[in-house]
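Letter by letter, the chains look like this.
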Amino acid sequence: MIRKYTMGSPVTTDAVVMDIPAENMEGYPFANRTEDGKFIFSFALGDDEIVYGLGEAPRGINKRGWIYRSWCSDDPFHTETKQALYAAHNFLIHGTCGIFIDYPSEIIWDIGYTHPDEVIITIEGPDFDIYLISGDSPIQIVREFRGLTGQAYIPPFWAFGYQQSRWSYHNAEAVRNIIRKYDEASIPLDCVYLDIDYMERFKNFTINRETFPDFEQLVSEMKEKNIHLIPIIDAGVKKEEGYPVYEEGKEKRYFCRTEDGSDFEGGVWPGIVGFPDFLRPEVRAWFGEQYRFLTDMGIDGFWNDMNEPAIFYSVRGLENALEEAGKLRGQNLDLGKFFYLKNVFSELSNNMEDYASITHEADGRTVSHMAVHNLYGANMTRAAGEFFEKEFGREKILMFSRASYIGAHRYGGIWFGDNHSWWSHILLSLKMLVNANMCGFLYCGADLGGFNENATEDLVLRFLALGVFTPLMRNHSAMGTRDQECFSFDHTDAFRDVVLVRYRLIPYLYDTFRKAAETNDMMFRPLSFDYPDDPLARECETQLMLGEECMIAPVYEQNVRGRTVYLPEDMTFVKLSGEHIVKEPLSKGLHYVRVGLNEVPLFIKKGKTIPLCQSAMRTAQLKPEQVTWI
Ligand code: GLC
């Protein structure tokens, strides 16, 4: 059962698809108080209660014991003391109650941080909708919530293939080389990514003709090989005379403005850009139409980036900083002055004063960016998604985004942003998977091998062994980091063994994904959802249930040959490696299982079977109808 309460006059977010009459806030069951225009409410937590939700956020599956912030943030250091990442997924479950706060500005979720047994939620402004969802179990609450917010995006089948990315494959030859090396190593591959360098000086919807002279030819050559090229699109449009996208956007007044009515100007990769006001339907239609430049060339997949929006500096901020620096020139900088100067520059990026100076048009009125910040990236995804659906129909174009808000899950997936080549980030991505699933983001995954800093062979292999199960299986890394493609290390065979397993599992994974999308269900669940009365299952933060049949438990530490795993019931432990399968029945309880670097561990429940097909070098060559069952 869902009840809706409305406070003030909320801006339209289109997060929900059901029309539920709002009740008066007076009847809202939790004690609440308003201070300085904020809305604060709290409730007690029982000793043993688990709190789930918040989608793509730091820390555990159980969100207890930390303070989180809904504020889409471009932050490349996903350490455990962070409060916010790229998304704002305002859905929480505790006990038999789900709460969705449809409010696109800042919310602080103090979940047992100030007081271990209390949740204190602070909504920064007075205009929002709250949905209370009651149900007998967490999964029932999730299904109700997902019905409320609409069916999750389903990508094309080939988007379940293995994908290789790097910032950047700089030219057509580099791209060809990647595919050649994968083919030579007999490692399957379906997609190669084009990061910002394929563009002419980082301008959206352009091609760098020096490095990709015959882009169209490259795309069709790749098509012949059943390889999809996936270019990046950034939120900002470079300010440049004669650049048609910018000129048109400017002339039609499609960019976000400042309070004085002039276009807001911020610096990102290309230098100064205009930020399309994606909250306006006509701007979404216009920006969506721009993708045609690439779809006309045969491109059928995209990733939308920098859409929190990330702003390196504003023109105003940079001027001030340079002025401050000028004042200190020639001075003997002591501790205070030096760090002041340092901060002046480090605070230039994603600066709150800059965000506060931006305005949008929403619901026919001018609103401050501060009031709608978390909708920006979501509406960029929507712009693309609406264009793709109108032009090509559903399930034809791959689309995923960095920033998101609930509602955007109907138009695309997400990736978990700029993680690190850290062992701890294997588990972080596992934890995000379930909470993102609750919020409707089913097509998701982390940068396998880690984005920032150098990876080691064993880290990439263990990361991939988890990635075998994530709908988005993409290896991506940052500029200047060590190569981490599957052929870059000593034991190419081990990489082949792991990626082949993915292809054998694709029919099962695709089916499980599709079922979850179509029935508003989760593909991955915490063990506690399935075994609510089992104390060890309830506390498990390193294993997940997959579909109705399986449990996954990746190895997530270096220099170990396996891990301890908890079986909440008797299961068959299966190790998959290339075409090899080793099976061992294990009884309920704790076990230490050995897993080689070239093996993918999987646990199948008693009485369940899963299909495996023959592996192939591309998804297009798979024969999902010819399967064997384990
Ligand atoms: C951002 C993205 C990353 C990309 C880089 C360059 O950091 O999150 O994936 O490689 O920008 O475009």
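Higher on the page you've got the structure.
Throughout, residues of each chain are indexed from 1 in the direction in which the sequence is written. Only residues with pLDDT of at least 70 are given local features in this predicted model, and only at 80 or more are side-chain atom pairs given and counted; all residues enter the totals for whole chains, interfaces and linings. Side-chain measures were taken over the full set of non-hydrogen atoms in the model, leaving aside hydrogen atoms and water.

1. With respect to the pattern of salt bridges
Consideration 1: Put simply, a salt bridge is a Lys or Arg side-chain nitrogen that is within 4 Å of an Asp or Glu carboxyl oxygen. Applying the stated criterion across every chain, the model contains 53 salt bridges.
Consideration 2: Here Glu184 makes a salt bridge to Arg180, at a shortest N to O gap of 3.0 Å. Note that Glu184 and Arg180 are positioned in helix α2 (residues 172-184) at a spacing of 4 residues, about one turn of the helix.
Consideration 3: Only protein chains enter the accessibility calculation, which uses a 1.4 Å probe; a residue is then buried when its area is under 20% of its type maximum, exposed when over 50%, and partly exposed in between. Judged by its relative accessible area of 57%, Glu184 falls in the exposed class.
Consideration 4: The closest approach of N and O atoms between Glu361 and Arg280, which form a salt bridge, is 3.7 Å. Of this pair, Glu361 sits in strand β22 (residues 358-362) while Arg280 sits in the loop between β19 (271-274) and α5 (281-290), placing them 81 residues apart in sequence.
Consideration 5: Here Arg280 falls in the buried class, since its relative accessible area comes to 8%.
Consideration 6: A network of salt bridges, in which partner residues are shared, links Asp74, Asp305, Glu308, Arg402 and Asp418. Numbering goes from the N terminus for both helices and strands, where a helix is a DSSP run of H or I of at least four residues and a strand is a run of E of at least two.

2. Thoughts on the nonpolar core
Generally speaking, nonpolar side chains in soluble globular proteins are found buried as a group.
Consideration 1: Buried residues of nine kinds, namely Ala, Val, Leu, Ile, Met, Phe, Trp, Tyr and Cys, make up a nonpolar core once their side-chain atoms join them within 4.5 Å. Counting residues in each nonpolar core, the largest one holds 175 residues, and the members touching the most others are Phe91, Tyr291, Phe469 and Leu505.
Consideration 2: What Phe469 contacts, discounting residues up to four positions off in sequence, is Arg502, Leu505, Leu509, Met523, Phe524, Leu546, Ile552, Val600, Pro601 and Leu602.
Consideration 3: Core analysis: the next-biggest nonpolar cluster, separate from the first, contains 27 residues, Tyr5, Met25, Tyr28 and Ala57 among them. The criterion used for residue contact is that any of the two residues' heavy atoms lie within 4.5 Å.

3. Looking at the site of the ligand
Consideration 1: Around the ligand sit Trp167, Asp195, Ile196, Ile232, Trp269, Trp303, Asp305, Arg402, Trp415, Asp418, Phe451 and His476, and those are all the residues in its vicinity.
Consideration 2: One of the side-chain nitrogen or oxygen atoms of Arg402 is found 2.9 Å away from an oxygen atom of the ligand.
Consideration 3: Polar contact is the term for a pair of N or O atoms within 3.5 Å; when the atoms are in protein, one must be able to donate a hydrogen and the other to accept it, and sequence-neighboring residues count only if both atoms are side-chain atoms. At 3.0 Å, a side-chain N or O of His476 approaches an oxygen atom of the ligand.
Consideration 4: Throughout, the ten residues Ala, Val, Leu, Ile, Met, Phe, Trp, Tyr, Cys and Pro are labelled nonpolar, Asp, Glu, Lys and Arg are labelled charged, and all others, Gly among them, are labelled polar. Its residues placed into classes, the shell around the ligand shows 7 nonpolar, 1 polar and 4 charged. Whether a residue is near a molecule or strand depends on its heavy atoms: it is near if one of them lies within 4 Å of it.

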